Amino acid sequence: MERQQHDSRAAAFRESTPGSSVELSYAGFDTFLKREIADVEDVAGVDAAVLGVPYDGAVSNRPGTRYGPRALRRASAWPAYLSGYKGGLTNIRTGNQVDFGALDLVDCGDVPVFPMDRETTADSVAAHVATVADRGAMPVVLGGDHYCTFPAFRGFAEGSGHDTVGLVQIDAHTDTVAESAVFGEHFHGSSTHHIADSPYTDYEHVAQVGIRGYESPEFFEFADETGLSLFSIRDVEERGIREVIEAAVAEAAADADAVYVTFDIDSVEPSAAPGTGTPEPGGLSASQALSVMEILGTHDAVAAADLMEVAPPLDPTDNTSRLGAYLLTTLLEQKFAR
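- The chain is annotated in an unreviewed UniProt entry as Agmatinase family protein from Halobellus ruber.
- Of the comments in the UniProt record for the chain, the one headed Sequence similarities (unreviewed entry) reads "Belongs to the arginase family. Agmatinase subfamily."

1. Side note on the pairing of strand β8 (residues 229-232)
- Because side chains alternate across β8, one face comprises the buried residues Ser229 and Phe231, and the other comprises Leu230 and Ser232, equally buried.
- Chirality of the crossover, the property in question, places the unit of strand β7 (residues 206-211), helix α7 (residues 219-226) and β8 among those that are right-handed.

2. Focus: the environment of Gly324
- Inspection of the secondary structure puts Gly324 in helix α11 (residues 319-337).
- Between the C-alpha atom of Gly324 and that of Leu72, which follows or precedes it by 252 residues, the distance is 6.6 Å.
- With near-sequence residues (within four places) excluded, Gly324 lies in contact with Leu72, Ile265 and Leu307.

3. Quick look at the state of the cysteines
- Using the criterion set out here, one finds 0 disulfides in the structure.
- Cys108 forms no disulfide, and the closest cysteine sulfur to it belongs to Cys148, at a distance of 17 Å.

4. Section: a negative patch on the surface
- A surface patch of like charges, here negative, comprises Glu218, Glu221, Asp224 and Glu225.
- Relative to the helices and strands, Glu218 is located in the loop between β7 and α7.

5. A look at the packing of helix α4 (residues 118-134) against helix α5 (residues 149-160)
- Where α4 meets α5, the closest approach of the two axes is 7 Å, and the angle between their N-to-C directions is 35°. Note on packing geometry: the crossing formed by α4 with α5 is right-handed. Of the residues in α5, those in contact with Ala122, Asp123, Val125, Ala126, Val129, Ala130, Ala133 and Asp134 of α4 are Pro151, Ala152, Arg154, Gly155, Phe156, Gly159 and Ser160.
- Considered class by class, the residues forming the contact of α4 with α5 number 9 nonpolar, 3 polar and 3 charged.

6. Side note on the UniProt feature "binding site: Mn(2+)" (unreviewed entry) in the chain
- UniProt feature "binding site: Mn(2+)" (unreviewed entry): in the numbering of this structure it lies at His146, Asp171, His173, Asp175, Asp264 and Asp266. In summary, the annotated positions, though distributed over 121 residues, converge in three dimensions, the widest C-alpha pair being only 12.3 Å.
- Contact partners of Asp171, with chain neighbours within four places excluded, come to His146, Val209, Gly210, Ile211, Asp264, Asp266 and Ser267.
- At a separation of 3.2 Å, a polar atom in the side chain of Asp171 contacts the side chain of His146.
- With respect to the helices, strands and loops of the structure, Asp264 is situated in strand β9 (residues 258-264).
- Not counting chain neighbours up to four residues away, the residues in contact with Asp264 comprise His146, Ile170, Asp171, Thr276, Met308 and Glu309.
- Within polar-contact distance, the side chain of Asp264 engages the side chain of His146 at 3.1 Å.

7. Notes on helix α2 (residues 68-75)
- The element α2 is largely enclosed, with a buried count of 6 among its 8 residues.
- Every buried residue belonging to α2 is among Gly68, Pro69, Ala71, Leu72, Arg73 and Ala75, and all of these are buried.
- Looking at the buried positions of α2, the neighbouring elements they touch are β1 (48-53), α3 (77-86), β4 (105-110), β5 (138-143), β10 (302-308) and α11.

8. Observations regarding the environment of Asn91
- Its place among the elements puts Asn91 in strand β2 (residues 89-91).
- Overall, the relative accessible area of 14% leaves Asn91 in the buried class.
- The spacing of Asn91 and Val129 is 38 residues in sequence and 30 Å in space, taken between C-alpha atoms.
- Excluding anything up to four places from it in sequence, Asn91 contacts Asn96, Val98 and Glu333.
- In this structure the side chain of Asn91 is engaged in a polar contact, spanning 2.9 Å, whose partner is the side chain of Glu333.

9. Description of the nonpolar core
- Ranked by size, the top nonpolar core spans 52 residues in total, and within it Phe32, Val209, Phe263, Leu296 and Leu327 carry the most contacts.
- At 7 residues, the largest contribution of residues to this core is made by α11.

10. Considering the sheet that holds β7
- If you trace the 8 strands from one edge of the open sheet to the other, you get β4-β1-β5-β10-β9-β6-β7-β8, paired in parallel fashion. Edge positions in the open sheet fall to β4 and β8, since each of these has one partner strand only. Shown here is a sheet whose adjacent strand axes are inclined to one another by a mean of 15°, direction ignored.
- Inspection of the sheet shows β7 paired to β8 by 4 bridges, in the parallel sense. Within β8, the residue paired with Val209 across the bridge is Phe231.

Reading guide: rules and limits
- Residues numbered from 1 in each chain as written.
- Predicted model: local features only at pLDDT ≥ 70, side-chain atom pairs only at ≥ 80, totals over all residues.
- Heavy atoms only, no water.
- UniProt positions renumbered as here; feature names shortened; annotations may be inferred.
- Buried < 20%, exposed > 50% of the residue type's maximum accessible area, 1.4 Å probe, protein only.
- Helix = DSSP H or I, 4+ residues; strand = E, 2+ residues; numbered from the N terminus.
- Right-handed = clockwise from strand over helix to strand, strands pointing away.
- Contact = heavy atoms within 4.5 Å.
- Disulfide = S-S within 2.5 Å.
- Patch = residues over 30% accessible without salt bridge, like charges linked within 9 Å, V, L, I, M, F, W, Y side chains within 5 Å.
- Areas by Shrake-Rupley, 256 points an atom, 1.4 Å probe, with all protein chains shown as cover.
- Salt bridge = Lys/Arg side-chain N within 4 Å of Asp/Glu carboxyl O.
- Lys, Arg positive; Asp, Glu negative; His and termini not counted.
- Charge placed at Lys NZ, Arg CZ, Asp CG, Glu CD.
- Axes fitted to C-alpha atoms, helices over the stretch in contact; angles between N-to-C directions.
- Left-handed = near helix turned anticlockwise from the far one by under 90°.
- Nonpolar A, V, L, I, M, F, W, Y, C, P; charged D, E, K, R; others polar.
- Polar contact = N/O pair within 3.5 Å; in protein donor to acceptor, adjacent residues only side chain to side chain.
- Core = buried A, V, L, I, M, F, W, Y, C linked by side-chain atoms within 4.5 Å.
- Pairing = 2+ DSSP bridges.

Structure representation (structure tokens):
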């Protein structure tokens, strides 16, 4: 006998039991902010679309970022649960009323990756990000190692049709290596070099924030010669994070059609975010990192973003993935849900 929808015991239970529509943070499917799954072909009309890149074949130190997208999705379930449970939220840090219902976000799952084939993986990333951008949605990419930013940036530029795209890079490292005797021309320390060498931008449209540790001899001369806007961690300490980020996004956006934001989690002090492959002491605090995304989220020029280098096996506390999820949520909140 054919059963009608209204005869379903499950439907009757949900209708009669308050709270049935609230999904606990640890229940259900792991999508970013517990949003609906969509194919990259079907994102026209949405605000933003999430894509994961579970790839760490281009790292130079500790692997594990292939597990980053899954961990970031799982960690994002907490603010999604709070929003559903409370019927809306107040962000105490910003003072904003937050309506995640106003955020039209979908999760397109992970792009196909080929662990032993970096070039095909890069083509896959570029193709899928380009498809999202072509349909007018903001690509939000979950890494993965930082090499993945290069094909994601290329895909965004090609799919959106922009002639010039600026880059704001929040990072401990500059990733400007043109060639390494050990790692070759394509690894996670070369992504910014390849971006600046692409047809879509140059170093004069690249602004880096939080740089520290060690770089090549005469690196400051390189920055001056190329026009790279460099804001070291010392600049952040002396000038404050708000002034630095405002200056960085202004430099990247000048004469550009849009700005791509890449956030390497190793920009954060490793005592706050230990789960990353190449940690450097003395980084941004978790509070400063959140401020970065609060500020960038208010700029209309920001049209694509990624969060890279979260390596869950290196952090049994899950603090790194939790911070990463909150960083992306903060950016999306500021752009679409205030």
